[in-house]
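# Structural description and commentary
Chain residues, written in single-letter form:
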Amino acid sequence: MEYLDFELPIKEIEEQLEKCALLGEESDVDVTEACSQLEDKLEEKKKEIYGNLTAWQRVQMSRHPSRPYTLDYIKAICGDTFLELHGDRNVRDDKAMIGGLGKIGDQTYMFIGQQKGYNTKTRQYRNFGMANPEGYRKALRLMKSAEKFGIPVVTLIDTPGAYPGLEAEERGQGEAIARNILEMTRLKVPIICVIIGEGASGGALGIGVGDKVLMLENTWYSVISPESCSSILWRSWEYKEQAADALKLTAKDMKKLKLVDAIVKEPIGGAHRNREKTFEIVSKAIVKSFNEFKNLSPKDLVAQRMDKYSQMGVFAE
């Protein structure tokens, strides 16, 4: 298990607990009480640290190397029922954007999401979760297929942004994202969006328009990353913590501003500390969200979605 800087006090107590348990196993000394005290201390420390995370610490949590990615969620939720679909039928198959059909219970869903890598080789293969235009066009193709067969769409968002390379711009990166936003507003099936990690810029918005937008507790959603914001405003990355606070990018901020619909609570310590529990929570949240919209007619569904987005940013003095 890897630890972030602010998690080091937890690591220290866990190591003490491990040594205490090992001592009890290797000797006749009764360490039950000592271990119990350390467990209580560990729980208190976890509540103290994870209950008071700053915006920048939540950004760090969303990028934790052990945090589950899109395919982890899909495989855990759908099991063997998931069938991955490939290609945009135009340029190529973008490995940073994955999608396919899968079941939760008896209900089939079209799952779409950005996929990051686990090591140097897979990160390059997945282009660090940064999709090219063909990735967004693949996503749109799958959404249109889902609409044709009346299948609800679930998008899992986790990207540092759309790929900013010259070749991506040449193939129409901006147009591809804009086209997705337009088409998602009028798609005639329920769309459930779940932010599972980083939700950065247009890269997230390209699959982020939905009837229900859910945001995991330790994730962020913003027009720009704190580091990039800091480099633009202060000409240095040193002010990234200050930028994170100013951007109001946490789940609590997004819910308060009515830009997301609900916050999905993570197990204490984050999704990576109890993956199975996280998968179960997200699965239930998806099913619950779908049940809210499954009986609406396509006309009412689209009208309700359009009304929801048209009210964002409206305020009265």
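Keep in mind that what you see is a predicted model, and the values were worked out from it rather than measured. (Residues numbered from 1 in each chain as written. Predicted model: local features only at pLDDT ≥ 70, side-chain atom pairs only at ≥ 80, totals over all residues. Heavy atoms only, no water.)

## Here we look at the overall build of the chain
Helix and strand counts for the chain come out as 14 helices and eight strands. Taking 20 Å as the expected radius of gyration for a compact globule of 317 residues, we find that the chain reaches 21 Å, a close match to that expectation. When its C-alpha atoms are laid out on the principal axes, the chain stretches across 70 × 50 × 50 Å. For the chain, the residues scored as buried account for 50% of the 317 residues in total. Taking the contacts inside the chain whose residues are at least 6 apart along the sequence as the reference set, 72% of them involve residues at least 24 apart. About 16,100 Å² of surface is accessible on the chain, with carbon and sulfur atoms providing 52% of the total. For the chain, the centre of its 45 positive side-chain charges and the centre of its 48 negative side-chain charges are spaced 8 Å apart. (Helix = DSSP H or I, 4+ residues; strand = E, 2+ residues; numbered from the N terminus. Rg over C-alpha atoms; globule rule 2.2 N^0.38 Å. Buried < 20%, exposed > 50% of the residue type's maximum accessible area, 1.4 Å probe, protein only. Contact = heavy atoms within 4.5 Å. Areas by Shrake-Rupley, 256 points an atom, 1.4 Å probe, with all protein chains shown as cover. Lys, Arg positive; Asp, Glu negative; His and termini not counted. Charge placed at Lys NZ, Arg CZ, Asp CG, Glu CD.)

## Some words on a negative patch on the surface
On the surface, a cluster of negative charge is contributed by E39, D40, E43 and E44. Position of E43 relative to the elements: it lies in helix α2 (residues 32-50). Taking relative accessible area as the criterion, E43 reaches 36% and is therefore assigned partly exposed. (Patch = residues over 30% accessible without salt bridge, like charges linked within 9 Å, V, L, I, M, F, W, Y side chains within 5 Å. Salt bridge = Lys/Arg side-chain N within 4 Å of Asp/Glu carboxyl O.)

## A few points about helix α13 (residues 275-293)
Over its 19 residues, α13 runs 28 Å from end to end, which matches the ideal 27 Å to within 8%, given 1.5 Å per residue. Along α13, the positions that sit buried rather than exposed are T278, F279, V282, S283, A285, I286, S289, F290 and F293. Seen end-on, α13 carries its buried residues on one side only, within an arc spanning 160°. Exposed and oriented more than 90 degrees from the buried face of α13 are E276, K284 and K288. (Expected span 1.5 Å × (residues − 1). Arc of directions from axis to C-beta.)

## Side note on a nonpolar patch on the surface
A contiguous nonpolar surface patch, about 390 Å² in accessible area, is contributed by I232, L233, W234 and Y239. Positionally, I232 belongs in helix α10 (residues 226-234). Accessibility expressed as a relative area gives 51% for I232, which makes it exposed.

## Section: the pairing of strand β5 (residues 191-200)
Across the ten residues that make up β5, a large majority, ten, are buried. Examined bridge by bridge, β5 and strand β6 (residues 212-216) share four bridges and lie parallel to one another. Residue pairing across strands places I195 opposite M215, the latter belonging to β6. By the bridge criterion, three bridges tie β5 to strand β7 (residues 220-222) in an arrangement that is parallel. Its bridge partner lying in β7, E198 is registered against W220. (Pairing = 2+ DSSP bridges.)

## What to know about the confidence of the model for the chain
Averaged over every residue, the pLDDT of the chain is 94; residues scoring 70 or more account for 100%. Of all the helices and strands in the chain, helix α1 (residues 8-26) carries the lowest mean pLDDT, 85, while strand β4 (residues 153-159) carries the highest, 98. (pLDDT = per-residue confidence, 0-100.)

## A look at the side chain of N180
Structurally, N180 can be placed in helix α8 (residues 173-185). The buried category is assigned to N180, whose relative accessible area is 1%. Filtering out sequence-adjacent residues up to four positions away, N180 remains in contact with Y136, A139, L140, M143, G206 and I207.

## Section: unusual backbone geometry
If you check the backbone angles, S201 has positive phi at about 55° while not being a glycine. Relative to the helices and strands, S201 is located in helix α9 (residues 201-205). When its relative accessible area of 32% is taken as the criterion, S201 is described as partly exposed.

## Describing the packing of aromatic side chains
If you walk through the whole model with that rule in mind, you get five aromatic pairs. Clustering of aromatic rings is evident, with ring pairs tying together Y109, F111 and F290. (Phe/Tyr/Trp six-rings, centres within 6.5 Å; stacked < 30°, edge-to-face > 60°.)

## As for the pattern of salt bridges
One pass over the full model with this rule turns up 23 salt bridges. A salt bridge links D93 to K95; the shortest N-O distance between them is 3.0 Å. Exposure remark for K95: the relative accessible area of 26% places this residue in the partly exposed category. Residue R179 is joined to E175 by a salt bridge in which the shortest nitrogen-to-oxygen separation is 3.6 Å. Residue R179 and its partner E175 are both found in helix α8; the two are separated by four residues, about one turn of the helix. By relative accessible area, which is 41% here, E175 ends up partly exposed. Taken together, the shared-partner salt bridges in this structure form one network comprising R137, K144, E147, E175, R179, E183 and R186.

## Some remarks on the nonpolar core
Membership of the largest hydrophobic core comes to 31 residues, with the highest contact counts inside it found for I112 and V153. Among the elements of the structure, β3 (107-114), α6 (133-148), β4, α8, β5, β6 and α12 (251-256) are those that each provide at least two residues to this core. The dominant element in this core, judged by the number of residues it contributes, is α6, at five residues. Those residues within four positions of V153 in sequence are excluded, and the remaining contacts are M110, I112, M143, A146, L187, V189, P190, I191 and I192. Within the second largest apolar cluster, 24 residues are counted, among which are Y73, I77, I104 and L156. (Core = buried A, V, L, I, M, F, W, Y, C linked by side-chain atoms within 4.5 Å.)

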